[in-house]
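# A structural walkthrough
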Amino acid sequence: MTAINAETDIRVAIIAEPLEGVSSVEGQDGRSGAEVRFSGRVRDESGRVRALFLEHYPGMTENALTRIAEHARERWPLNAIEIIHRIGEIQVGEEIVRVVVWAGHRHAAFEACAFLMDILKSQVPLWKKELNDDGWHWVEARERDAEAAARWMGAASERAR
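Right, let's walk through the structure included here. (Residues numbered from 1 in each chain as written. Predicted model: local features only at pLDDT ≥ 70, side-chain atom pairs only at ≥ 80, totals over all residues. Heavy atoms only, no water.)

Most often, soluble globular proteins keep nonpolar side chains buried together rather than apart. Formed by 36 residues in total, the largest nonpolar core has its most connected members in Leu-78, Ile-83 and Leu-116. Where this core is concerned, the elements lending two or more residues are strand E2 (10-15), strand E3 (34-41), strand E4 (51-56), helix H1 (60-75), strand E5 (78-86), strand E7 (95-103), helix H2 (106-123) and helix H3 (143-160). Sorting elements by how many residues they give to this core places H2 first, with nine residues. In contact with Leu-78, other than residues within four places in its own chain, are Ala-72, Arg-73, Val-101, Trp-102, Ala-103, Ala-108, Ala-109 and Ala-112. Of all hydrophobic cores here, the second largest spans five residues; its members include Ala-13, Ile-15, Val-22 and Ile-84. (Core = buried A, V, L, I, M, F, W, Y, C linked by side-chain atoms within 4.5 Å. Buried < 20%, exposed > 50% of the residue type's maximum accessible area, 1.4 Å probe, protein only. Helix = DSSP H or I, 4+ residues; strand = E, 2+ residues; numbered from the N terminus. Contact = heavy atoms within 4.5 Å.)

For the rest of this paragraph, the subject is the pattern of salt bridges. Evaluation of the coordinates by the stated rule reveals 11 salt bridges. A salt bridge links Arg-41 to Glu-20; the shortest N-O distance between them is 3.1 Å. Here the residue Arg-41 occupies a position in strand E3, and Glu-20 occupies one in the loop between E2 and E3, the gap between them amounting to 21 residues. Judged by relative accessible area, which is 41%, Arg-41 ranks as partly exposed. Note that Arg-98 and Glu-95 form a salt bridge whose closest N and O atoms lie 3.0 Å from each other. Both residues of the pair, Arg-98 and Glu-95, belong to the buried class. (Salt bridge = Lys/Arg side-chain N within 4 Å of Asp/Glu carboxyl O.)

To continue, consider the packing of aromatic side chains. Taken as a whole and assessed by the stated rule, the structure comprises four aromatic pairs. An angle of 80 degrees between the planes, with centres 5.7 Å apart, marks the rings of Trp-76 and Trp-152 as edge-to-face. On the criterion of sequence distance, the pair formed by Trp-76 in the loop between H1 and E5 and Trp-152 in helix H3 is long-range, its members being 76 residues apart. Accessibility assignment for this pair places Trp-76 and Trp-152 in one class, buried. An aromatic cluster is present here, built from Trp-76, Phe-115 and Trp-152 joined pairwise through their rings. Seen from the ring of Trp-138, Lys-129 lies directly overhead, with NZ or CZ sitting 5.1 Å from the centre. (Phe/Tyr/Trp six-rings, centres within 6.5 Å; stacked < 30°, edge-to-face > 60°. Lys NZ or Arg CZ within 6 Å of the ring centre and 35° of its normal.)

This paragraph deals with the sheet that holds E4. Pairing between the strands of a sheet comes from backbone hydrogen bonds, and it takes one of two forms, parallel or antiparallel. Ordered by their spatial adjacency, four strands build an open sheet running E6-E4-E8-E9, and the pairing between neighbours is antiparallel. Lying at the two open borders of the sheet, with one neighbouring strand each, are strand E6 (88-91) and strand E9 (135-138). Shown here is a sheet whose adjacent strand axes are inclined to one another by a mean of 30 degrees, direction ignored. (Pairing = 2+ DSSP bridges. Axes fitted to C-alpha atoms, helices over the stretch in contact; angles between N-to-C directions.)

At a minimum axis distance of 10 Å, the contact between H1 and H2 shows a crossing angle of 150 degrees. One way to sum up the angle between H1 and H2 is to call them roughly antiparallel. You can see that H1 and H2 cross each other, and the crossing is right-handed. Along its contact with H1, which presents Ala-64, Leu-65, Ile-68, Ala-69, His-71, Ala-72 and Arg-75, the element H2 presents Phe-115, Leu-116, Ile-119, Leu-120 and Gln-123. (Parallel < 35°, antiparallel > 145°, perpendicular 65-115°, else oblique. Left-handed = near helix turned anticlockwise from the far one by under 90°.)

With that settled, the discussion passes to H1. Compared with the 22 Å implied by 1.5 Å per residue over 16 residues, the 23 Å span of H1 between its first and last C-alpha is a close match. Every buried residue of H1 is listed here: Thr-61, Glu-62, Ala-64, Leu-65, Ile-68, Ala-69, Ala-72 and Arg-75. Down the axis of H1, the buried set is contained in an arc of 165 degrees. They therefore lie on one face. Residues of H1 that are exposed and angled more than 90 degrees away from the buried face: Arg-67 and Glu-74. (Expected span 1.5 Å × (residues − 1). Arc of directions from axis to C-beta.)

Below, the structure written as structure tokens:
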């Protein structure tokens with residue numbers, strides 16, 4: 001499912017097919033001097049991971065992605081944002097998430113992209129199972145992801161004072 005908000009140039013999508021064939025919004029009419037693109041892939045640091053399986057709650061997940069993109073637009077002067085996340089079975093090495101941010105300048109684009117990934121990892125309703133030699137196992141949320149999101153929220157609280 002893809003949702004595009006033409007007023008804010010925010011595109012979010014949850015898809016089951018490989019991201020390699022999905023093209024990003026291009027051009028931005030010459031408004032953007034910076035494009036920062038993050039591509040997250042399924043990794044196997046332990047030598048045991050065979051695949052991941054991601055589930056989501058349709059509608060809720062897209063809404064959460066849109067909300068964090070809108071939050072990023074409030075914090076930085078951005079021209080466009082694209083967030084695409086895969087669901088279903090994904091093999092080691094395959095792209096699982098893509099975040100692209102367009103802005104007039106690189107600093108805003110880099111910061112916004114990091115913010116989007118940190119918040120996405122801790123606040124978007126996606127559930128993950130990992131396949132290893134013992135079968136499928138649910139993957140627990142990582143404390144470091146919650147800590148990264150908390151740092152951004154703490155920075156926002158400090159600026160508001």
